[in-house]
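# Notes for the structure review
The primary structure of each chain is shown beneath.
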Amino acid sequence: MMDNIIGTVTTLLIFLCQFQGSQHLKLSGPQVSRGNAEKVRLDCSADSGDSMEHGVHWFRQRKNVKNPEAIVYLNVVRRSSYQIDQGESKRFIADKPGSSFTLTIDSFQDKDQGTYYCMVIKNSALTFSPGHKLLYPEAITTKPPPATTTQSPPATSAKDSKSEDDCSCKSGKKDPTDKETEIWKIDCNMNIWAPLAGLCGFLLICLLVTTIMLCCRKKL
């Protein structure tokens, strides 16, 4: 008969574990960390004034598993009935040391991660606790900052470093270390006046040729 009750309860848990749980039961436990294989103890207690003189069901919903799993039932005379493999049951100890129920997991492992619940049947009423998560904290990986490279300014030649204007001519300031400037003594004004001087010379020659030709016609 007890097996039938446990089977019925386990079926109901598949539906009921989707809800928040009764406020008449409280479930508390520690945080777990990876690699310690520590002993974990969960405490299931009732609100003040509520009697705990009845049996308790412990079950869990493993990480990444859809359906809940019954672990153990502890009756009013503290006799345990396990619903998990015999090899696994040795690590789960249900007890009632005082006014609360306890479930001790010896050597907590990666496969034990999940959400744990306790449930009692009192006066033919089903009362279950909110879930308590026993999950390893996610490892936080920080990305290294991008490597920064210091780029040296592009090398400039002596010619590029000279001050030049839109005419691509040399500025009026002479660099005493510039041999080319020292030899030719050229600045931007020369580029402007040289064409004008050439034009004036050409017009003067034309004027002289015209004058000579007029003089020759008069003599004829």
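To start, this report covers the structure provided alongside it. Because the structure is predicted, anything quoted here is derived from the model rather than measured. Within any chain, residue numbers begin from 1 and follow the written order of that chain's sequence. Totals for whole chains, interfaces and linings use all residues, but because this is a predicted model, local features are given only for residues with pLDDT of at least 70 and pairs of side-chain atoms are given and counted only at 80 or more. To obtain the side-chain values, all non-hydrogen atoms of the structure were included, while hydrogens and water were left out.

The next thing to look at is the packing of aromatic side chains. Stacked, edge-to-face and tilted labels apply to pairs of Phe, Tyr and Trp rings (six-membered ring for Trp) whose centres lie within 6.5 Å, assigned for plane angles under 30 degrees, over 60, and everything in between, in that order. Evaluated as defined, the whole model comprises two aromatic pairs. Ring geometry for F59 versus Y117: centroids 4.9 Å apart, planes at 5 degrees, classification stacked. Taken together, the residues F59 in strand 3 (residues 56-62) and Y117 in strand 8 (residues 114-122) connect sequence positions 58 residues apart. Buried, partly exposed and exposed residues are distinguished by accessible area as a fraction of the type maximum, computed with a 1.4 Å probe on protein chains only: under 20%, between the cut-offs, and over 50%, respectively. A relative accessible area of 1% places F59 in the buried class. Plain terms: the ring middles of F108 and Y136 are 5.9 Å apart, the flat faces sit at 85 degrees to each other, and that makes the pair edge-to-face. Of this pair, F108 sits in the loop between strand 7 (101-105) and strand 8 while Y136 sits in the loop between strand 10 (132-134) and helix 3 (179-184), placing them 28 residues apart in sequence. Working rule: Lys NZ or Arg CZ, within 6 Å of ring centre, within 35 degrees of ring normal, means a charge sits over the ring. We note K96 situated over the ring of F101; from NZ or CZ to the ring centre the distance is 5.7 Å. Helical segments are the DSSP runs of H or I of at least four residues, strand segments are the runs of E of at least two, and each set is numbered from the N terminus.

Here a strand pair is declared whenever DSSP counts at least two bridges between the two strands. Strand order in the open sheet made by the four strands is 1-2-7-6, with antiparallel pairing throughout. Since the sheet does not close on itself, it has two edges, and those belong to strand 1 (25-28) and strand 6 (92-95), each with one partner. The mean inter-strand angle of the sheet, taken between neighbouring strand axes irrespective of direction, is 15 degrees. Judged from the four bridges that link them, strand 6 and strand 7 form a sheet pairing that is antiparallel. Looking at strand 7, one finds that I93 is bridged to T104. To obtain each axis, a line is fitted to C-alpha atoms, and for helices this fit is confined to the stretch in contact; angles are then taken between N-to-C directions over 0 to 180 degrees.

The definition of a nonpolar core used throughout is a set of buried Ala, Val, Leu, Ile, Met, Phe, Trp, Tyr and Cys residues joined through side-chain atoms within 4.5 Å. Formed by 24 residues in total, the largest nonpolar core has its most connected members in W58, I71, F101, L103, F108, Y116 and L134. Mapped onto this core, the elements with two or more residues apiece are strand 1, strand 2 (40-46), strand 3, strand 4 (69-74), strand 6, strand 7 and strand 8. It only takes one pair of heavy atoms within 4.5 Å for two residues to be counted as in contact. Apart from residues no more than four positions distant in its own chain, L134 is found in contact with P30, V32, V40, L42, I105, F108, Q113, G114 and Y116.

Moving on, we get to the state of the cysteines. Cysteine sulfur atoms that pair up within 2.5 Å are treated as a disulfide. Counted under the stated rule, the structure contains one disulfide. Each sulfur in the disulfide pair C44 and C118 lies 2.0 Å from the other. Judged by the sign of its S-S torsion, about 70 degrees, the bond between C44 and C118 is right-handed. With C44 in strand 2 and C118 in strand 8, this residue pair connects regions lying 74 residues apart in the sequence. The pair formed by C44 and C118 is uniform in burial state, with each residue classed as buried.

Treat this as a map of the structure, not an account of what it does.
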